[in-house]
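Per-entry structural report
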Amino acid sequence: LLDHGCDGVCLTALTLGYCVSQQCGLGILTFGALVVSWIPWWLAQWEAYHTGVVRTGGALFGITEIEFVVALIHLITVVFGAGVWKTPIPLVKLDLRQLCVLIQLTVALVLSAFSVNNVLNATKGWAERLQAGKRALPMLVLVAVGSLWPVLLPGIHSCASCLCAC
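Here's a quick rundown of the structure. (Residues numbered from 1 in each chain as written. Predicted model: local features only at pLDDT ≥ 70, side-chain atom pairs only at ≥ 80, totals over all residues. Heavy atoms only, no water.)

Quick look at the pattern of salt bridges now. On inspection of all chains with the given rule, the structure shows one salt bridge. For Asp95, the salt bridge is made with Arg97, and the minimal N-O distance between the two is 2.9 Å. Both residues of the pair, Asp95 and Arg97, count as buried. (Salt bridge = Lys/Arg side-chain N within 4 Å of Asp/Glu carboxyl O. Buried < 20%, exposed > 50% of the residue type's maximum accessible area, 1.4 Å probe, protein only.)

Below, the structure written as structure tokens:
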């Protein structure tokens, strides 16, 4: 339990750290990076509760790999300067910061899908699956309420319309 709690705090600090290195600012990119990092972590805890198995990142992508990616982001910032993250990518109308969040979103979706699939396979019958779904309700509320943050927070309201606009 202590290890998972430490991972949750560490994950937030790592995410904020690389957002600072990439000069994401207080905007939709930082918000997106935080939410996209929290959801798979929470779903992994939810999966462990329902399956009895704590799946580590050795099979696919876990906290150790995340730490390496964040270290690489910091290293790139040190070597090339923080401005490198604002380099536009031709043909896709994104800069490197936005591409990083998009990659993070893709990895998070895959990890989340594995967690949901593992819970569905581990639960037997609709009643047990309904119970598992009820236990996921706090996460759904967090995502719904958290989605209001970029819309309602002064200063970034204009950025909430599109990830690419910031």
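Its 27 residues give helix α4 (residues 96–122) an end-to-end C-alpha distance of 39 Å, which sits within 8% of 39 Å, the value for a rise of 1.5 Å per residue. Among all positions of α4, only Arg97, Gln98, Val101, Gln104, Ala108, Leu111, Ser112, Ser115 and Val119 are buried. (Helix = DSSP H or I, 4+ residues; strand = E, 2+ residues; numbered from the N terminus. Expected span 1.5 Å × (residues − 1).)

Our next topic: unusual backbone geometry. Residue Gln23 is not a glycine yet carries a positive backbone phi of 55°. Relative to the helices and strands, Gln23 is located in the loop between α1 (2–21) and α2 (28–51). In this model, Leu91 sits at a positive phi of 80°, which is unusual for a non-glycine residue. Looking at the secondary structure, you find Leu91 in the loop between β1 (88–89) and β2 (94–95).

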